[in-house]
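Coordinates in review
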Amino acid sequence: MKKSNLAVTAAVTGLLALGGTMLTAAPAFAAEKEKCYGVSKAGKNDCATKTSSCAGTAKEDNQTDAFVVVPKGLCGKLTGGSTQSS
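Secondary structure assignment for the protein yields 1 helix and 2 strands. Secondary structure elements of the protein, listed N to C terminal, follow the sequence α-β-β. Every one of the 86 residues in the protein was classed for burial, and the buried ones make up 17%. Considering only intrachain contacts with a sequence separation of at least 6, the fraction spanning at least 24 residues in the protein is 53%. For the protein, the accessible surface area stands at approximately 6100 Å², while carbon and sulfur atoms represent 64% of it.

In structure tokens:
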């Protein structure tokens, strides 16, 4: 094999290996988050509520069915925060 072909092969192999590790790390990262209800400002919620299907549609501050995604364990430390929708 030529040196240039060997370098390209090594580079592609390295990128594939890196991509594989990033795919396995993503679920672990997602597992370290939780939905926190009742703490978002109006219009700043992360996803749908009982009364709407889009992010950013909470009509009032601290709406109990609107959530934001926070690091696991933080929600219980926030005033009004709950991991359960009301």
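From this point on, the discussion continues.
You can see lysine 33 is positioned in strand S1 (residues 33-37). Taking the C-alpha atoms as reference points, lysine 33 and valine 69, separated by 36 residues in sequence, lie 6.4 Å from one another. Dropping the residues within four chain positions of it, lysine 33 is found in contact with Val69, Val70, Pro71 and Lys72.

With that settled, consider the pattern of salt bridges. What the rule picks out here adds up to 1 salt bridge. Between aspartate 61 and lysine 41 there is a salt bridge, with the nearest N and O atoms lying 3.8 Å from each other. Remark: lysine 41 occurs in the loop between S1 and strand S2 (67-71) and aspartate 61 occurs in the loop between S1 and S2; sequence separation between them is 20 residues. Judged by its relative accessible area of 40%, aspartate 61 is partly exposed. Overall, lysine 41 belongs to the exposed group, its relative accessible area being 53%.

Before going further, it helps to spend a moment on the side chain of asparagine 45. The topology assignment puts asparagine 45 in the loop between S1 and S2. A distance of 2.6 Å separates a polar side-chain atom of asparagine 45 from the backbone oxygen of cysteine 47. Polar side-chain contacts of asparagine 45 include one of 2.9 Å to the backbone nitrogen of alanine 58.

Counted by the stated rule, this structure contains 1 disulfide. In this model, cysteine 36 is linked to cysteine 75 through a disulfide, with the two sulfur atoms separated by 2.1 Å. Torsion about the S-S bond of the cysteine 36 and cysteine 75 cystine: about 75°, corresponding to right-handed handedness. In this pair, cysteine 36 is assigned in strand S1 and cysteine 75 in the segment after S2, connecting sequence segments 39 residues apart. We classify cysteine 36 as buried; its relative accessible area is 0%. Residue classification places cysteine 75 among the buried positions, given a relative accessible area of 1%. Not engaged in a disulfide, the cysteine cysteine 47 finds its nearest cysteine sulfur in cysteine 54; these two sulfurs lie 8.8 Å apart.

The rules behind the values
Residue indices follow the written sequence of each chain, beginning from 1 at its first position. pLDDT decides what is reported in this predicted model: residues at 70 or higher carry local features, side-chain atom pairs at 80 or more are listed and counted, and totals for whole chains, interfaces and linings draw on all residues regardless. Excluded from the side-chain calculation are hydrogens and water; included are all heavy atoms of the structure. Secondary structure elements are defined from DSSP: runs of H or I of at least 4 residues count as helices, runs of E of at least 2 residues count as strands, and each element is numbered from the N terminus. For each residue, the accessible area found with a 1.4 Å probe, counting protein chains only, is set against the maximum for its type, and the residue is called buried under 20%, exposed over 50%, and partly exposed in between. Note on contacts: a residue pair is in contact if any heavy atoms of the two residues lie within 4.5 Å. Using the Shrake-Rupley algorithm and a 1.4 Å probe, accessible areas are obtained, with residue cover drawn only from the displayed protein chains. Note on definitions: salt bridges are taken to be side-chain nitrogens of Lys or Arg within 4 Å of carboxyl oxygens of Asp or Glu. By the criterion applied in these results, polar contacts are pairs of N or O atoms within 3.5 Å in which, for protein atoms, one can donate a hydrogen and the other can accept it, and in which residues neighboring in sequence qualify only through two side-chain atoms. Cysteine sulfur atoms are paired as a disulfide whenever they fall within 2.5 Å.

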